[in-house]
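# Secondary and tertiary structure notes
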Amino acid sequence: MVTVLPTELLVQDLPVCLFLHGRGGTAATAFPGRLARWLVRQVAYDKAPPFAFVAVDGGDGYWHEMGGDDPMGMLLREVPGWLAERRLGRVFAVAGISMGGFGALLYARRRAEAGAPVRAAAAISPALITTWDEMRKRGAFRSEEEWLALDPRHNVPRDTPIAVWCGAQDPFARGTREFIERADPEVGYLGPGGHDGRFYDRVVPDLVTFLAAHR
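Rules used throughout
- Residues numbered from 1 in each chain as written.
- Predicted model: local features only at pLDDT ≥ 70, side-chain atom pairs only at ≥ 80, totals over all residues.
- Heavy atoms only, no water.
- Phe/Tyr/Trp six-rings, centres within 6.5 Å; stacked < 30°, edge-to-face > 60°.
- Helix = DSSP H or I, 4+ residues; strand = E, 2+ residues; numbered from the N terminus.
- Buried < 20%, exposed > 50% of the residue type's maximum accessible area, 1.4 Å probe, protein only.
- Axes fitted to C-alpha atoms, helices over the stretch in contact; angles between N-to-C directions.
- Parallel < 35°, antiparallel > 145°, perpendicular 65-115°, else oblique.
- Left-handed = near helix turned anticlockwise from the far one by under 90°.
- Contact = heavy atoms within 4.5 Å.
- Salt bridge = Lys/Arg side-chain N within 4 Å of Asp/Glu carboxyl O.
- Pairing = 2+ DSSP bridges.
- Expected span 1.5 Å × (residues − 1).
- Bend = angle between axes of the 7 residues up to and from the residue.

## A short note on the packing of aromatic side chains
The geometry of an aromatic ring pair is captured by the separation of the ring centres together with the interplanar angle, meaning the angle of the planes. Across all of its chains, the model carries eleven aromatic pairs by this definition. Consider the rings of Phe19 and Phe31, whose centres lie 5.3 Å apart with planes at 50°: the pair is tilted. Within this pair, whereas Phe19 is found in strand E2 (residues 14–20), its partner Phe31 is found in the loop between E2 and helix H1 (35–44), the two being separated by twelve residues in sequence. For Phe19, a relative accessible area of 1% gives the class buried. Since its relative accessible area comes to 18%, Phe31 is described here as buried. Aromatic pair Phe51 and Phe92: ring centres 5.4 Å apart, planes at 75°, arrangement edge-to-face.

## Here we look at the packing of H1 against helix H7 (residues 197–213)
At a minimum axis distance of 10 Å, the contact between H1 and H7 shows a crossing angle of 45°. One way to sum up the angle between H1 and H7 is to call them oblique. Regarding H1 and H7, the two cross each other, and that crossing is right-handed. Only Val204, Pro205, Leu207 and Val208 of H7 make contact with H1, whose side of the interface consists of Leu35, Trp38, Leu39 and Gln42.

## Considering the pattern of salt bridges
Per the counting criterion, the structure on display carries twelve salt bridges. Glu134 is paired through a salt bridge with Arg138; the nearest N and O atoms lie 3.0 Å apart. A relative accessible area of 31% places Glu134 in the partly exposed class. Three or more residues joined by partner-sharing salt bridges are found here, namely Asp151, Arg153, Arg174 and Glu178.

## With respect to the sheet that holds strand E6 (residues 162–167)
Overall, mixed pairing links the seven strands, which are arranged E1-E3-E2-E4-E5-E6-E7 in an open sheet. Where the open sheet ends on each side, the last strands, each with one partner, are strand E1 (2–4) and strand E7 (187–191). Neighbour to neighbour, the strand axes of the sheet diverge by 20° on average, direction disregarded. In the sheet, E6 pairs with E7 via five bridges, with the strands oriented parallel. The residue of E7 that forms the bridge with Gly167 is Gly191.

## Observations concerning helix H2 (residues 71–85)
Each α-helix turn comprises 3.6 residues. Residues three or four places apart therefore point the same way. Between its terminal C-alpha atoms H2 stretches 19 Å, which fits the 21 Å expected from 15 residues at 1.5 Å a residue. At Glu78, H2 is bent by approximately 50°, the largest bend along its length, and proline Pro80 sits one to four residues beyond. For H2, every residue scored as buried is listed here: Pro71, Met72, Gly73, Met74, Leu75, Val79 and Leu83. In this structure, the buried side of H2 is in contact with E2, strand E3 (52–55), strand E4 (88–97) and helix H3 (99–113).

In short, geometric facts, not functional conclusions.
Below you can see the structure in the form of structure tokens.
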């Protein structure tokens, strides 16, 4: 579990945005390189209300139950207790990159289904694959039916402000475009860039601005 705070001062009950890592990643590698510095700067200059980012290890299973491992259950049922132990507040938002973007949209859906929607959900370069042949290679779903039942393209989170950013040269651009067309998100950006840290860092200011607006 890795926490990014906006200030060195301890702020009790600080609202939290979960940040979900991509495939092959961990909590330690979840965040874009520019994220912590930008959050601290915006809060210091009163351009954003204070909130924290928290990342946890979620494996490579696209943030759903698979083979006895249940990262989505961890996010929904265990993480709130871990935050309380650290005197952090409730999860008000969720964000993620690549596979973590898929997971962030799935988490937002699950929270809405439980009658406790997050205030905002954000996905950077979400790994929205458009064919079962390609998705099957990841070994993250038992069947095509299970994948389609969880795929955010076919299950748009409701009652939740959404922001999505993806590079036009990103291999997931097609799936992201389909999601934007179906979801009509508050922010739906497709511009120059690939599936890499340079693009992630470029959209960090917009990400923080979006989350702060719903804090």
